[in-house]
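Given next are the chains, with one letter for each unit.
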Protein chains: 4
Amino acid sequence: MTASTIPHLVDHASLIVHGPDQPGIVSEVASLVTRNGGNIISLDQYSDDASGGAFFQRIVMHRPGLAAALPEIEADLDATLAPMGLEWRLRDMSEPLRVAILASKSDHCLLDLLWRHRRGELPVTIPMVISNHTDVAEDVRSFGVPFFHVPSQQGPDKSQSEAEILKLVQGNVDFLVLARYMQVISSDFLTKAAVPVINIHHSFLPAFIGAGPYRKAKERGVKLIGATAHYVTEDLDEGPIIEQDVVRVTHADTAADLQSRGADVERAVLSRAVTWHAQDRVIRHGNHTIVFNS
Amino acid sequence: MTASTIPHLVDHASLIVHGPDQPGIVSEVASLVTRNGGNIISLDQYSDDASGGAFFQRIVMHRPGLAAALPEIEADLDATLAPMGLEWRLRDMSEPLRVAILASKSDHCLLDLLWRHRRGELPVTIPMVISNHTDVAEDVRSFGVPFFHVPSQQGPDKSQSEAEILKLVQGNVDFLVLARYMQVISSDFLTKAAVPVINIHHSFLPAFIGAGPYRKAKERGVKLIGATAHYVTEDLDEGPIIEQDVVRVTHADTAADLQSRGADVERAVLSRAVTWHAQDRVIRHGNHTIVFNS
Amino acid sequence: MTASTIPHLVDHASLIVHGPDQPGIVSEVASLVTRNGGNIISLDQYSDDASGGAFFQRIVMHRPGLAAALPEIEADLDATLAPMGLEWRLRDMSEPLRVAILASKSDHCLLDLLWRHRRGELPVTIPMVISNHTDVAEDVRSFGVPFFHVPSQQGPDKSQSEAEILKLVQGNVDFLVLARYMQVISSDFLTKAAVPVINIHHSFLPAFIGAGPYRKAKERGVKLIGATAHYVTEDLDEGPIIEQDVVRVTHADTAADLQSRGADVERAVLSRAVTWHAQDRVIRHGNHTIVFNS
Amino acid sequence: MTASTIPHLVDHASLIVHGPDQPGIVSEVASLVTRNGGNIISLDQYSDDASGGAFFQRIVMHRPGLAAALPEIEADLDATLAPMGLEWRLRDMSEPLRVAILASKSDHCLLDLLWRHRRGELPVTIPMVISNHTDVAEDVRSFGVPFFHVPSQQGPDKSQSEAEILKLVQGNVDFLVLARYMQVISSDFLTKAAVPVINIHHSFLPAFIGAGPYRKAKERGVKLIGATAHYVTEDLDEGPIIEQDVVRVTHADTAADLQSRGADVERAVLSRAVTWHAQDRVIRHGNHTIVFNS
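The shown structure was predicted, so the numbers you read here are calculated from the model rather than taken from an experiment.

The next point concerns the pattern of salt bridges. All names here are of chain D. Following the criterion strictly, the structure yields 80 salt bridges over all chains and no others. Among the ionic pairs, Asp112 bridges to Arg267, the shortest N-O distance being 3.5 Å. Of the two residues, Asp112 sits in helix H3 (residues 108–118) while Arg267 sits in helix H8 (residues 255–278), which places them 155 residues apart along the sequence. Arg267 matches Asp112 in its accessibility class, with the two residues each being buried.

Let us now look at the packing of aromatic side chains. Residue and element names in this part refer to chain A. All told, the structure shown has 6 aromatic pairs over all chains when counted by the stated rule. Aromatic side chains Tyr46 and Phe56 sit 6.1 Å apart centroid to centroid with 15 degrees between the ring planes, which places their arrangement in the stacked category. Here Tyr46 is found in strand E2 (residues 39–47), whereas its partner Phe56 is found in strand E3 (residues 54–62), with 10 residues between them in sequence. Of the residues examined, Tyr46 reaches a relative accessible area of 12% and is grouped as buried. Owing to a relative accessible area of 1%, Phe56 belongs among the buried residues under this scheme.

Turning our attention to the domain arrangement of chain A. All names here are of chain A. Partitioning chain A into structural domains gives domain 1 (7–92) and domain 2 (97–291). The centre of domain 1, based on its C-alpha atoms, is set 31 Å off from the matching centre of domain 2. On the domain 2 side, the residues contacting the 10 residues of domain 1 number 9 residues. Here domain 1 meets domain 2 over a buried area of about 860 Å², counting both sides, of which 56% is carbon and sulfur. The largest contributions to the domain 1 side of the interface with domain 2 come from Phe56, Arg58 and Arg91, which together make up 56% of the buried area. Taken together, the connections running from domain 1 to domain 2 amount to 1 salt bridge. With a closest N to O distance of 3.0 Å, Asp280 and Arg91 form a salt bridge. Within the residue set of the side of domain 1 that touches domain 2, elements represented by two or more residues are strand E1 (12–20), E3 and strand E4 (87–92). Top element by residues in the side of domain 1 that touches domain 2 is E3. It accounts for 4 residues. Here the residues of the side of domain 1 that touches domain 2 sort into 4 nonpolar, 2 polar and 4 charged.

Let us now look at the sheet that holds strand E9 (residues 197–201) of chain A. Residues and elements named next belong to chain A. The sheet built from 7 strands is open, its strands ordered E7-E6-E5-E8-E9-E10-E11 with mixed pairing. Each edge of the open sheet is held by one strand with a lone partner, namely strand E7 (147–149) and strand E11 (241–248). Along the sheet, successive strands turn relative to each other by an average axial angle of 20 degrees, direction set aside. In terms of strand pairing, strand E6 (residues 124–131) meets E7 through 3 bridges, oriented parallel. Bridging across to E7, Ile130 finds its partner in Phe148. Along the sheet face, helix H3 (residues 108–119) touches strand E5 (97–103), E6, strand E8 (175–178) and E9 and points at about 155 degrees away from the line of E6. On top of the sheet, helix H8 (residues 255–278) reaches E5, E6, E8, E9, strand E10 (224–231) and E11; it is set at about 150 degrees to E11, its chief contact.

What follows covers the interface of chain C and chain B. Contacts between the two partners involve 14 residues from chain C and, on the opposite side, 14 residues from chain B. Taking both partners together, chain C and chain B bury about 1300 Å²; carbon and sulfur atoms supply 31% of that area. In this structure, Arg119 of chain B engages Asp107 of chain C in a salt bridge whose closest nitrogen and oxygen atoms are separated by 3.7 Å. Viewed at the interface, chain B and chain C are joined by 11 residue pairs in polar contact (both at pLDDT 80 or more). Looking at the side of chain C that touches chain B, the elements with two or more residues in it are helix H3 (108–118) and helix H8 (255–278) of chain C. With 6 residues, H3 of chain C is the largest single contributor of residues to the side of chain C that touches chain B. The residue inventory of the side of chain C that touches chain B, partitioned by class, reads 3 nonpolar, 2 polar and 9 charged.

What follows concerns the relation of the copies chain C and chain A. Relative to chain A, chain C is turned by 180 degrees and slid 0.0 Å along the rotation axis, the superposed coordinates differing by an RMSD of 0.0 Å. Here the transformation between the copies is reduced to the relation of a two-fold axis. In terms of C-alpha distance to the rotation axis, chain C has Ala207 of chain C as its closest residue, with the C-alpha 2.2 Å off the axis. Here 100% of the interface residues in chain C have copies in chain A that are interface residues too; the copies meet face to matching face.

Adjacent strands of a sheet pair through backbone hydrogen bonds, lying either parallel or antiparallel. Residues and elements named next belong to chain A. A sheet is described by the order of its strands in space; here 4 strands give the open sequence E2-E3-E1-E4, paired in antiparallel fashion. Because the sheet does not close on itself, it has two edges, and the strands there are E2 and E4. Strand-to-strand twist of the sheet, defined as the mean angle between neighbouring strand axes without regard to direction, takes the value 10 degrees. Bridge count for E1 against E4 is 6 bridges, and the pairing is antiparallel. Bridge pairing links Leu15 to Leu90 in E4.

Residue and element names in this part refer to chain B. Counting buried residues in strand E10 (residues 224–231) gives 8 out of 8 residues, a clear majority hidden from the surface. On E10, burial covers both faces: Leu224, Gly226, Thr228 and His230 on one face and Ile225, Ala227, Ala229 and Tyr231 on the other are all buried. Strand direction decides the pairing type here: strand E9 (residues 197–201) and E10, joined by 4 bridges, are antiparallel. For His201, the partnering residue across the bridge sits in E10 and is Thr228. Sheet analysis places E10 next to strand E11 (residues 241–248), joined by 7 bridges and oriented antiparallel. Bridging from a neighbouring strand, Ala227 pairs with Asp245 of E11.

Between Leu205 of chain C and the following residue, Pro206 of chain C, the backbone shows a cis peptide bond with an omega angle of 5 degrees. Among the structural elements, Pro206 of chain C can be located in the loop between strand E9 (197–201) and helix H7 (213–220). Although it is not a glycine, Arg180 of chain B sits at a positive phi angle of roughly 60 degrees. Among the structural elements, Arg180 of chain B can be located in the loop between strand E8 (175–178) and helix H6 (187–193). Despite not being glycine, Asp237 of chain B shows a phi value in the positive range, around 65 degrees.

Turning to the relation of the copies chain C and chain B, a few remarks are in order. Once chain C has been moved 0.0 Å along the axis and rotated by 180 degrees, it coincides with chain B to within an RMSD of 0.0 Å. Most of the interface of chain C is mirrored in chain B: 100% of its interface residues are interface residues there too.

With that settled, the discussion passes to the environment of Leu32 of chain C. Residues and elements named next belong to chain C. The topology assignment puts Leu32 in helix H1 (residues 25–35). Residue classification places Leu32 among the buried positions, given a relative accessible area of 1%. As a C-alpha pair, Leu32 and Asp76 span 44 residues in sequence and 7.5 Å in three-dimensional space.

Contacts between the two partners involve 32 residues from chain C and, on the opposite side, 32 residues from chain A. Between chain C and chain A the total buried area reaches about 2700 Å² when both faces are included, carbon and sulfur atoms providing 56% of it. Sorting the residues of chain C by area buried against chain A places Arg220, Lys223 and His251 of chain C first, and these three jointly supply 28% of that buried surface. At the boundary of chain C with chain A, the tally comes to 6 salt bridges. Among the ionic pairs, Asp245 of chain A bridges to Arg248 of chain C, the shortest N-O distance being 3.4 Å. Across the contact surface, chain C and chain A share 24 residue pairs in polar contact (both at pLDDT 80 or more). Listed by contribution, the elements that provide at least two residues to the side of chain C that touches chain A are H7, strand E11 (241–248) and strand E13 (288–291) of chain C. Here the side of chain C that touches chain A gets 7 residues from one element, more than from any other, and that element is E11 of chain C. Residue composition of the side of chain C that touches chain A, grouped by class: 15 nonpolar, 7 polar and 10 charged.

Procedures and definitions
Residues numbered from 1 in each chain as written. Chains lettered and ligands numbered in written order. Predicted model: local features only at pLDDT ≥ 70, side-chain atom pairs only at ≥ 80, totals over all residues. Heavy atoms only, no water. Salt bridge = Lys/Arg side-chain N within 4 Å of Asp/Glu carboxyl O. Helix = DSSP H or I, 4+ residues; strand = E, 2+ residues; numbered from the N terminus. Buried < 20%, exposed > 50% of the residue type's maximum accessible area, 1.4 Å probe, protein only. Phe/Tyr/Trp six-rings, centres within 6.5 Å; stacked < 30°, edge-to-face > 60°. Domains from an automatic or database assignment. Contact = heavy atoms within 4.5 Å. Buried area = accessible area lost by both parts, 1.4 Å probe. Nonpolar A, V, L, I, M, F, W, Y, C, P; charged D, E, K, R; others polar. Pairing = 2+ DSSP bridges. Axes fitted to C-alpha atoms, helices over the stretch in contact; angles between N-to-C directions. Polar contact = N/O pair within 3.5 Å; in protein donor to acceptor, adjacent residues only side chain to side chain. Least-squares fit on C-alpha atoms with pLDDT ≥ 70 in both.

In structure tokens form, the structure reads like this:
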């Protein structure tokens, strides 16, 4: 039990199972948990088509002596689920995922994550914050989190700064969060980072794709503005959506008002997405997400 | 297959299991479904305390030839779950529940239910609407639903009109809905009716218990008004809450405005509560409800 | 006072003033109301830029003997506001606007408007409902509203059916509502109808422009779906937005679920937009709306 | 122009007028603004009864050279409005109101206010934070705000600690904010402080008055929990409500979950109430508030 262990989750594991739907999966998995000494604490499942669709399941189980038993359970999962064509992920929930946060000058999303983390609401470890500016450095350090400044390069070739970031995060974190990081991530970076990257987009996607969404929202005269947390893919603003929310605005709100009111939605949406990801509640499937957040 | 059968739910059963939590319930129930030829379509579960609490589960299963197999499955449920101290309810979902709606003069909740029913959104049969007034008679009949007028009596003794209503509903319906029925139901009536009774209260309970909630809300100067759907118990406005919602109001809204805006919330909340009850998504537990509506 | 007069609005007028912002407009207009024997009941104003922007004002005034005094007040408005370059609209609020509703097969938006009208919530007269199908005919007539069937033509040339509709509405109504009317309106029709046309689009515009928004929303995996009421212009789905709202959905909702849940949002959004338009609360300005709905 | 001047509000004044409704008030006030060289930037008004009710108005005016002209405008307001029995308040909006924040151990409401203030969203000066605990001291100081520790006394007699707080705030601030300050304020303190005091109550008042609202909410099984910002009066939890909001919860949320989810609502509701108060948007009237926040 290391310093970062989450005490109330000791001996708790999350198990994600997905693959082609077929009769008897729930029964098969439940039996497996039982015969391995586990007790199912919560169970969510979803099939996108009862006949021939894809099946998704998240189980939280309690298993005294979990750490020692993991290899055995994993072997049983392999033996049982592989013949059914099912994939699975088993994780000791007492070990928080490690996340690096990338930010620029805006502090609202970043500070909300750091504050929730300190409050014990975010089941993650935050080994570092990386920014292409130094504006947020002092705030980050006041939370006891290491801050790294990696300036971004001009022009389309960002290979050098991306290489620097990769040096910091590769093999060191389980996922990345872009907390209003105002740089486009290259597909080469995504490949090399090889971990999920969560971004917060300051619009209700797919409305107002690209830059300047609040200005575009003002121009179009919408009555609600929103924010979208999504996984980053090669296609800008097109990755699988994890969470969205909106807030009401009026004709009297200026583009600056939209930005200020939107900031509250952005931080709320991003913190929910990060929490759910860190609790293994989000399963990617094609360009969609299954979110077991009830 | 009778006229009222719901085609897409043929061979689908809902199974509710609840009782003292203990290791292995999910596995036991899942095995039972599998060995009885069923496939689990959806599964929700909840335990109010992992060690020694109460366990609740709702399963929807698909089982070809369900109708003929029910007795056998029920026998297996008895044999398997009784020793574990668990209670269960199995229901063929293709047979819609029968509901009698009681109303007074207000039509908004009543019409919304009738309209949703005609639209195919409410999986129920509505054999009758009963009212202590005749205002809504014509509307009800235009939906092809029988209307019965049972005037209410003055004073506290409502035994005669309640007896008349009982004659209409006893053994004839699976639950009752009070769609803004402005009469207090006696505990004697509840006992004799012996079916769940759902009421819509025009406030965000427990605020503004009793009569005149919109007037009270105006007096208190609240900034949101709401509505609450709950099961009726002997204690007026104190029964288990099924669903609630609110809408924003301002100082400029009169008590009449609150009533008009509240009407929209009332009909939305009641229709959700009725739908969930009719889909066996609501489990009563003490003065609470477990609502599996995700 | 005709049959359709709204009693509690007798002697009430709405006055809309808009044009280039300049010091003293509020004072000038308020003085005008006072010297014409009126009392200001409510006043909303908005300037999109305090220095050199556009000014918008809505006043509701009470003026005993309004009907007889209108010509005199109008003459004063002309004399006072024209030199300031301001436009104005004065209307006796006791005379409800006349609206023709166009529908197709879907009944939810149509029935909601008819029901609110009967309930006294919509300050309009509905002289007719026109549909390119006959599905809703009986329902419409049960509300005592004349129904006209105007089949739509195949292909891009809809001139004949549009001509038929124009014959019914020209000079006969103050605005049109497309209550899920599934036909594209030609710009020629808009010109000839010469009245505002309000449409309800079943998405949170500008997301999912065009046909099949619920299918597109499902494909994109959004977590909220919405509806948008807007004025119809030559550019499909691009007209000034009056009102929008959304509802939360999950991965488990099918495209059919989205459609069903969206229907509730559509009818709510459209009824608000129609009410506000009928109360002279909406001012068009370029491709925007100023909505004084507080 | 002192260090704390708000640049974009230089030469802007808010004018609140209220008293018995009567014809011509709007016109009279608008003329007054014009003849004193002001231009009306925004205007809100409300009358709780057009015949014989109370009238409320908020004007924001722009007046070059405002500071020097204030005495003259005030004299005119006195001369003009006193005969009509109207009260008024005129304030130079470029001078932020001074607020002292009282807190205990919880940091969420406090930090949100400090963060919004630093971000420029709260038009106030915060000369001090006072707490009966030292937990939040370091955070407060990191924002450059003075922190004072005033331990609370045991028992009902809090006169000594209240006297200490009074020494800090009397004549020094324009209002007080109780940001989850877990001490009951005596009516004696309220009298002596002689400034408005805003409290955040962690329930949707009037539901769950008193202590432990999240526990009570869990016991009652509500489906929404909320928070209420109100002015503090002698009657605990009974003062005029400024703002409220709610968030959806389920049977699966523990009392601790309610507390955590409620914290987000509390900070949002309190920050809105404080902002509106600081912008002179809230008028108290009996036990109600008129909030001009559109």
